[in-house]
Amino acid sequence: MTDFGISRFGAYIPRLRLERAAIAAAHGWMAPGLKGQARGSRAFTSWDEDAITMGVEAARDALGGSDVAWVKAVRLASTSLPYADLQNAAIVARAIGAATGVATSDAAGSQRAGTSALLQALKGRETTMVIGSDNPIGKPASVQEISFGAGAAAFVVSDRDVVARLVGSATLSNVFVDHFRSADATSDYGWEERWVRDEGYAKIVPGAVKAALADAQLAIGDIQHFVMPSYLKGAADAVAKKLKFEGSVASGLEDGVGYAGAAHALLMLAATLEKAQPGERILLVGFGQGADVLIFQATDAIVAARPVRGVAGSIADALPTDSYMRMLSFAGGIEAEWGMRSEKSGKTALTEQYRSADQMEGFNAGRCGSCDTVQFPQLQYCVRCHAPSEQFSNVPLRDEQAEVLTSTADWLTYHPSPPLWVGFVRFDSGARMLMEMVDIGKQGIDTGAKLRMVYRIKEKDRQRGYNRYFWKSTPLSAV
């Protein structure tokens, strides 16, 4: 047993949802069999969301507005990281306000990247934010397209205020190839499902579970929650039955989320922690080229550690859509004709981005030390009393609420998700600025509506493959 455990946890699921029946209907002319699997809805990312933005939101949910200074390392696990040679975790760390001295690293290359990163942090000796964030893409008309989803979960691992303590673990390495994706491919190639279920999950996982139980000096009857992700229906139930497990098999979050790749094990763990009671034990499985098994025991602190939104809150905060083509467009599955207005350059001035990083990434406004006016961006002189900026102090706007002063739905400007909603917003601190508003439903948004801030892609440079990130505003709940 280690003194380290999970101190905080949180989650993020994109608001956009699509009924699987709409996907099956679009492919009914050539794949009528999909109709049999078209139950419930799946989450999908908007054009301005990716593993980085979802990871930032999950981390913020885990922190719950508390100081991030105690986090000494940030680990980001995903199989859909936007950059192959630019550290994605470093971008996440700056966006959540971590200090420049924080250690950062990416974990990738396997469906169990999330559980492996969590296990490594639990065996370490520094407070670490572990994030699993993924957006797997399936080919149109594939079983993966209809069963996949998107989401992120985050855990603060430390020896302080532990809500779930690691009591045992085991890892088995086995190059069992159930699916793969080459470096230049956009979607997976999967092997025959029955073979994967019978030879993979049913034979590899029980061995790892047996080793973890021995490490914890427990029997399967001592476990209350069995958490095993898989996009293969019935795989978790079959393994639980083989183990003679008689407790609660965790929901696969099929309805409202869908299988979220390397993040899914951590999402299911977060959902289980949201309802776990003190003393209960949770057995978590991560599968992919072997298996990780982690056994946790909830402490008395679990009752007061529920995240602000969490998995349950994110599932409830849904913005249903009825357009399969919208999901396909956001995922880059079609090349639509957007007109001449879309032909503008998206090139980012990297020198200016670096110089303004504190304001842009951390979303720090400046409070004038002379007249107390809060302003964004921070200019050389105060906009009200003209005092020099050397007297300014930082005011992070990312966790402040704001309200709509004005709003416009612009159908003329090119936008990947028309219309472009933009308007002036007023923060609780008094700062005012012109901002983009996202996740606005068909009914629009009214003056005075409450807003929160979200980290999103501001612009994609498709020619060079670079995303410029910034903060946008969104309604407190889907409308």
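Provided above is the structure to which this section pertains.
Keep in mind it's a predicted model, so treat the numbers as computed, not measured. (Residues numbered from 1 in each chain as written. Predicted model: local features only at pLDDT ≥ 70, side-chain atom pairs only at ≥ 80, totals over all residues. Heavy atoms only, no water.)

Colleague: Looking at this structure, I do not really get the pairing of strand E23 (residues 450-461). What am I missing?
Modeller: If a strand is regular, its side chains alternate between the two faces of the sheet. Burial runs high along E23: 9 of the 12 residues are buried. Of the strand pairs in this sheet, strand E19 (residues 402-404) and E23 are connected by 2 bridges, and their pairing is antiparallel. Across the sheet, residue Ala402 finds its bridge partner in E23, namely Leu451. Two elements, E23 and strand E24 (residues 466-475), share 10 bridges in a ladder whose sense is antiparallel. Following the sheet pairing, Val454 is matched in E24 by Lys472. (Buried < 20%, exposed > 50% of the residue type's maximum accessible area, 1.4 Å probe, protein only. Helix = DSSP H or I, 4+ residues; strand = E, 2+ residues; numbered from the N terminus. Pairing = 2+ DSSP bridges.)

Colleague: I'm lost on a nonpolar patch on the surface in this one. Help?
Modeller: A cluster of nonpolar side chains, namely Val175, Val177, Phe180, Tyr189, Trp191 and Trp195, defines an oily patch on the protein surface of about 680 Å² accessible area. When you line up the elements, Trp191 lands in the loop between strand E10 (189-190) and helix H6 (193-216). On the accessibility criterion, Trp191 (53% relative accessible area) is exposed. (Patch = residues over 30% accessible without salt bridge, like charges linked within 9 Å, V, L, I, M, F, W, Y side chains within 5 Å. Areas by Shrake-Rupley, 256 points an atom, 1.4 Å probe, with all protein chains shown as cover. Salt bridge = Lys/Arg side-chain N within 4 Å of Asp/Glu carboxyl O.)

Colleague: Whenever I open this one, the nonpolar core confuses me. Can you help?
Modeller: One broad trend across soluble globular proteins is that nonpolar side chains are buried collectively. In this structure, Val74, Met129, Phe363 and Phe427 are the most contacted members of the largest nonpolar core, which totals 71 residues. Take this core: its biggest share by element is 8 residues, from helix H2 (residues 51-63). Setting aside its immediate chain neighbours within four residues, Met129 contacts Ala59, Leu63, Val71, Ala73, Val74, Arg75, Ala154, Phe155 and Val156. Residues Ala121, Phe155, Ala164 and Val311 belong to the second largest nonpolar core, which totals 44 residues. (Core = buried A, V, L, I, M, F, W, Y, C linked by side-chain atoms within 4.5 Å. Contact = heavy atoms within 4.5 Å.)

Colleague: What is the right way to read unusual backbone geometry from this model?
Modeller: Note: most residues except glycine have negative phi, and most peptide bonds are trans. In this chain, Phe376 is followed by Pro377 through a cis amide linkage whose omega measures 0°. As for its position among the elements, Pro377 is in the loop between strand E17 (374-375) and strand E18 (393-396). With an omega dihedral of 0°, the bond running from Pro418 to Pro419 counts as a cis peptide bond. Summarising the element assignment, Pro419 is placed in the loop between strand E20 (408-410) and strand E21 (420-427). Positioned with a positive phi, Asp372 is a non-glycine residue whose angle comes to about 75°. Its place among the elements puts Asp372 in the loop between strand E16 (364-367) and E17. Taking the relative accessible area as the measure of exposure, Asp372 reaches 48% and is therefore partly exposed.

Colleague: Would you mind going over the pattern of salt bridges with me for this structure?
Modeller: Where charged atoms of side chains with opposite charge meet at close range, the side chains can pair. On inspection of all chains with the given rule, the structure shows 23 salt bridges. Salt bridges sharing partners connect three or more residues here, namely Arg15, Asp48, Glu49, Arg309, Asp317, Glu436, Asp439, Arg452, Arg456, Lys458 and Lys472.

Colleague: Could you clarify how one ought to interpret the layout of surface pockets in this entry?
Modeller: Summary: where empty space remains is shown by rolling a probe the size of a single water molecule over the atoms. There is about 520 Å³ of room inside the second largest pocket. For the lining of the second largest pocket, the secondary structure elements donating two or more residues are strand E15 (319-321), helix H10 (324-330) and strand E22 (432-437). For the lining of the second largest pocket, the element with the highest residue contribution is E15, accounting for 3 residues. Classifying every residue of the lining of the second largest pocket gives 13 nonpolar, 8 polar and 7 charged. (1 Å grid on protein atoms, 1.4 Å probe; cavity = no way out; pocket = protein on both sides within 12 Å on 5 of 7 lines; lining within 4 Å. Points joined across faces, edges and corners; volume = space filled by probe spheres on them. Nonpolar A, V, L, I, M, F, W, Y, C, P; charged D, E, K, R; others polar.)

Colleague: Looking at this structure, I do not really get H6. What am I missing?
Modeller: Counting along an α-helix, one turn takes 3.6 residues, and residues three or four places apart therefore face a common direction. The end-to-end C-alpha separation of H6 is 32 Å, in line with the 34 Å expected for 24 residues at 1.5 Å each. Most pronounced at Tyr201, the bend in H6 amounts to some 25°. Along H6, the residues that are buried comprise Val196, Gly200, Tyr201, Ala202, Ile204, Val205, Pro206, Ala208, Val209, Ala212, Leu213 and Ala216. Of the surrounding secondary structure, the elements contacted by the buried residues of H6 are strand E8 (164-173), helix H7 (235-242), strand E13 (281-287) and strand E14 (290-298). Capping of H6 at its N-terminal end is provided by Glu192; its side-chain oxygen lies 3.1 Å from the backbone amide nitrogen of Arg194. (Expected span 1.5 Å × (residues − 1). Bend = angle between axes of the 7 residues up to and from the residue. Polar contact = N/O pair within 3.5 Å; in protein donor to acceptor, adjacent residues only side chain to side chain.)

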